[in-house]
Amino acid sequence: MDRAGKEKVVEELGQIFESSGVVVVAHYAGLTVADMQDFRKRMRDAGGSVRVAKNRLAKIALKDSDCAGMADLLSGMTVLAYSEDPVCAAKVVDSYARKNRKLVVVGGAISGRVLDAAAVKAVAAMPSREELLASLVGCIIAPASNVAGAVGAPASNIASILETIEEKAAA
């Protein structure tokens, strides 16, 4: 790779480190091409991306970023998994690492804070943005449905009482 290509890669990696909600670093030694394609597909389906780059270039890109301490995690065969959602990439990497022991989580960074492997697992256990939004909508809608049920309840109670009286009169 020539100098211009390396500069382009460093710039792309810098963008990844700056704009991503979470970046997870993992070792992928021993993964087959099919395994890596499966991993990339799962990450893409979840809304994240996977990037393999030379550690030296990634360290250069990290120098000016908030998560410069993550440079210590970059050794050996590393893969970067990232997403805008602060939980998405961590969830996919953690679940894939449990299925395929050849993918080993080393650490990562979230909002400028460097994480170790245990912290990445803790982030993966958190609900995703969509799950949080769904529960929030459920909390907002629940009182309205309770009010609607309370308003409609007297009418249904009267209807059931009249039905019971009608059945008794017919018998």
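Report on the accompanying structure. Predicted, not measured: the structure shown is a model, and the values here were computed from it.

Attention now moves to the packing of aromatic side chains. Within the structure shown, the criterion is met by 1 aromatic pair. Ring centres 5.2 Å apart and planes at 40° place the aromatic pair F39 and Y96 in the tilted group. Highlighted residues: F39 in helix α2 (residues 33-46) and Y96 in helix α4 (residues 88-99), separated in sequence by 57 residues. Given a relative accessible area of 1%, F39 falls into the buried group. Judged by its relative accessible area of 0%, Y96 is buried.

Counting residues in each nonpolar core, the largest one holds 24 residues, and the members touching the most others are V24, F39, M43, V79, V93 and L103. Going through the elements one at a time, β1 (22-27), α2, β3 (78-83), α4, β4 (104-110) and α5 (117-125) are the ones with two or more residues in this core. Residue contributions to this core peak at 6 residues, all from α4. Not counting residues within four places of it along the chain, the set of residues in contact with L103 comprises A26, H27, Y28, L31, F39, V79, V93, Y96 and A97.

Here the focus is the pairing of β3. The buried fraction of β3 is high, at 6 of 6 residues. Burial along β3 is two-sided: the face carrying T78, L80 and Y82 and the face carrying V79, A81 and S83 are both buried.

Before going further, it helps to spend a moment on the packing of α2 against α4. At their nearest, the axes of α2 and α4 sit 9 Å apart, and the two run at 150° to each other. With respect to their mutual orientation, α2 and α4 come out roughly antiparallel. Every pair of crossing elements has a handedness; the one defined by α2 and α4 is right-handed. Residues D35, D38, F39, R42, M43 and A46 of α2 form the contact with α4, whose participating residues are C88, A89, V92, V93, Y96 and K99. Partitioning the contact of α2 with α4 into residue classes produces 8 nonpolar, no polar and 4 charged.

Basis of the calculations
- Residues numbered from 1 in each chain as written.
- Predicted model: local features only at pLDDT ≥ 70, side-chain atom pairs only at ≥ 80, totals over all residues.
- Heavy atoms only, no water.
- Phe/Tyr/Trp six-rings, centres within 6.5 Å; stacked < 30°, edge-to-face > 60°.
- Helix = DSSP H or I, 4+ residues; strand = E, 2+ residues; numbered from the N terminus.
- Buried < 20%, exposed > 50% of the residue type's maximum accessible area, 1.4 Å probe, protein only.
- Core = buried A, V, L, I, M, F, W, Y, C linked by side-chain atoms within 4.5 Å.
- Contact = heavy atoms within 4.5 Å.
- Axes fitted to C-alpha atoms, helices over the stretch in contact; angles between N-to-C directions.
- Parallel < 35°, antiparallel > 145°, perpendicular 65-115°, else oblique.
- Left-handed = near helix turned anticlockwise from the far one by under 90°.
- Nonpolar A, V, L, I, M, F, W, Y, C, P; charged D, E, K, R; others polar.

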